[in-house]
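Each chain, letter by letter, is given below.
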Amino acid sequence: MTDAYVVGSGMIDFGELYDKSFDNMLEEAYLNLLDDVDKGVDPKSDIDAIWYGTIDFANEGMSGAAVGHALGQFGTSTTQIVNACATGSDTFRNAVMAVQSGNVDVALIIGAEKMTDATEGLIANAALQRLWRGRGVTMPAYFGLRATRHMDEYGTTREQIAEVSVKNHKNGSKYPHAHQQFQCSVDDVKNSPTVSYPLNLYDCCPITDGACAVLVTSDDVTNEFTDDPIRVAGSGLATGSFQELDDQALSHFPASRRAVSQAYEQSGLNPKDIDVAEVHDCFSITELVTYEDLGFCEEGEGGRFVEEGHTRLGGEIPVNPSGGLLSKGHPIGATGVAQIAEIYEQLRGEAGAVQVDSPETGLQHNVGIGRNATGSVGCVNLLERP
Amino acid sequence: MSGPRYHRTRRQDKRLVAFECQDCGWVSFPEAKQICKRCGNAPASFEEVKLAERGEIQTFVVQEYLPEEFEGPQPLAIVDLPQADGGGEPARVYGLLTESNLEELSVGTKVDARFRELFTDGERPINSFKFSVPRGEK
């Protein structure tokens, strides 16, 4: 068993990238990664294995062969990971486990999604293709159900939920790779068109194309790539469903709670140790309940926690300094990998205008929806300065 | 294919038939199962139970932005449907709401299961239950 380290990242500017094909995005992320690694990477000999994350929303990236085509890596073993909106973070997690096992010294993780090429949007996909078991539950509805319940159970206000979006758009406007580069107010969020009551347009992440790559290495070879690596301290992955009949699942995500428990146990870290976090905010309410799921605040206190500014830049635990999914965008397979890249930058002090003050430990989290909106999958990765 | 997949659970959907795990009490609806998804017993022992038509809203949304094929708004809830004999645990289900004023909806509102056309698959109607606030108790 060896430790695994992140030694480089390659992010592309997220957005509506009509001019770039799926392969173009993979190329750009990979080239940015090769540029980013302090001591360089030889693309022809250094990479032992590749983990590739995409749900292949646009139907052109299925199987590891897609990476062979895009990156000229046909000879390198390439595994595709698909795990709903946790695809990117689980792709990273699987590569880390291979490195920790000692079987792989250098792993490339690359995630990508072309969301805007699909003829049907996510909402149509969720409602129509799987209408029977899902019974017409759209994505915003799935998360909106948590908002209604959280407001009823804990007295959380509409304004508090909106504060998540306000914060993340403010951060995103300072983060160069973010799709949405504008700020908004609580009133803007409240007055934007209703998507699924109680959630409005500005409570929802945009439809975004993107890709991101990171490189993970073992103890034996890490110093061949950088003198400033970031250690993977722990990971967790679990699923859950409101059909388990635990009332907490009506407002929260048991999958996130289970995943973060595994990660805290594996790393010996606890919520108080976390200095910066990139968490899943596909909708504003998702981030608010995630504060509670990850233990950043007490049960039911998420609304107050964001309202009082604890998760802003400069707060006690800045959450989503990159702007999160709400501002940066949510190209599914790329999302989790990009969050890893952002935590990596933060821990190395390279996050520019959104840099948190000297963080030592960072948390990355996704929660995805699966099985026709009846279940969720949570994934957490913890990174730290060694 | 001998028929559309949603026909597999037609009997349960029409009659509100569910299956109770005899080990932990969890109620599966509408799928008949051999393994309990909550306690993990495999195989688990299930007994058929009947669900009551009246349940309680646990949480809800009102879907406004929908694909063109759907008329908005489409209110939707998670509803607990108790067992008809009053014993055991409820089944927790998704359900679209119909024939109800949006102002009447809140966590805790009682709703009745009504057999309705849920959607059409382009060729035929797909029938199952929707929920509505009971008339005469408004």
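Higher on the page you've got the structure.
Note that the structure is predicted; figures quoted are calculated from it, not measured.

Undergrad: Go over the overall build of chain A with me, naming the residues and quoting the values.
TA: A count of helical and extended segments in chain A gives 13 helices and eleven strands. Relative to the 2.2 N^0.38 estimate, which gives 21 Å for 386 residues, the radius of gyration of chain A is 19 Å and therefore close to what a compact globule would have. Viewed in the frame of its principal axes, chain A has a C-alpha envelope of about 55 × 45 × 40 Å. Within chain A, the fraction of its 386 residues that count as buried is 66%. Restricting the contact set of chain A to residue pairs at least 6 apart, pairs at least 24 apart contribute 78%. Distance between charge centres in chain A, computed from 25 positive and 56 negative side chains, equals 6 Å.

Undergrad: Explain the overall build of chain B to me, and be specific about the residues and the numbers.
TA: Assigned secondary structure in chain B consists of one helix and eight strands. The helix and strand sequence of chain B, counted from the amino end, reads α-β-β-β-β-β-β-β-β. Projected onto its principal axes, the C-alpha positions of chain B cover 45 × 40 × 25 Å. The long-range share in chain B, meaning contacts at least 24 apart out of those at least 6 apart in sequence, stands at 47%. When the accessible surface of chain B is totalled, it reaches about 7200 Å², and 43% of it is carbon and sulfur. Distance from the positive charge centre (19 side chains) to the negative charge centre (23 side chains) of chain B: 4 Å.

Undergrad: Residue-level account of the pattern of salt bridges, with values.
TA: Within the structure shown, the criterion is met by 29 salt bridges over all chains. With a shortest N-O distance of 2.8 Å, D3 of chain A and R231 of chain A are connected by a salt bridge. In this pair, D3 of chain A sits in the segment before β1 (4-11) while R231 of chain A sits in strand β8 (residues 230-240), placing the two residues 228 residues apart along the sequence. The exposure class assigned to D3 of chain A is partly exposed, which follows from its relative accessible area of 26%. With its nearest N and O atoms 2.9 Å apart, the salt bridge here joins K110 of chain B to E56 of chain B. In this pair, K110 of chain B sits in strand β7 (residues 110-120) while E56 of chain B sits in strand β4 (residues 54-63), placing the two residues 54 residues apart along the sequence. Here the salt bridges share partners, and the residues they tie into one network are D3, R231 and E384 of chain A.

Undergrad: Tell me about the packing of aromatic side chains, and please be specific about residues and values.
TA: All names here are of chain A. Applying the stated criterion across every chain yields a total of ten aromatic pairs over all chains. Ring geometry for F182 and Y202: centres 5.6 Å apart, planes at 45 degrees, overall tilted. Note that F182 is positioned in the loop between α7 (158-172) and α8 (186-191) and Y202 in the loop between β6 (199-200) and β7 (210-218), a separation of 20 residues in sequence. Members of the aromatic cluster, connected to one another through ring pairs, are Y142, F143, F253 and F283. Cation over ring: R146 sits above Y142, and NZ or CZ is 4.2 Å from the ring centre.

Undergrad: Mind laying out the sheet that holds strand β1 (residues 17-21) of chain B, listing which residues take part and the relevant values?
TA: Within a sheet, adjacent strands bond to each other through the backbone by hydrogen bonds, running parallel or antiparallel. Residue and element names in this part refer to chain B. On the basis of which strands lie adjacent, the open sheet formed by three strands has the order β2-β1-β3 and antiparallel pairing. The open sheet is flanked by β2 (27-28) and β3 (46-50), the only strands paired with a single partner. Where β1 and β3 come together, five bridges link them in antiparallel fashion. Bridging across to β3, C21 finds its partner in F46.

Undergrad: An account of the state of the cysteines is needed here, citing residue identities and associated values.
TA: One pass over the structure, following the stated rule, counts zero disulfides over all chains. Free cysteine C36 of chain B: the closest other cysteine sulfur is in C24 of chain B, separated by 3.6 Å.

Rules and cut-offs
Residues numbered from 1 in each chain as written. Chains lettered and ligands numbered in written order. Predicted model: local features only at pLDDT ≥ 70, side-chain atom pairs only at ≥ 80, totals over all residues. Heavy atoms only, no water. Helix = DSSP H or I, 4+ residues; strand = E, 2+ residues; numbered from the N terminus. Rg over C-alpha atoms; globule rule 2.2 N^0.38 Å. Buried < 20%, exposed > 50% of the residue type's maximum accessible area, 1.4 Å probe, protein only. Contact = heavy atoms within 4.5 Å. Lys, Arg positive; Asp, Glu negative; His and termini not counted. Charge placed at Lys NZ, Arg CZ, Asp CG, Glu CD. Areas by Shrake-Rupley, 256 points an atom, 1.4 Å probe, with all protein chains shown as cover. Salt bridge = Lys/Arg side-chain N within 4 Å of Asp/Glu carboxyl O. Phe/Tyr/Trp six-rings, centres within 6.5 Å; stacked < 30°, edge-to-face > 60°. Lys NZ or Arg CZ within 6 Å of the ring centre and 35° of its normal. Pairing = 2+ DSSP bridges. Disulfide = S-S within 2.5 Å.

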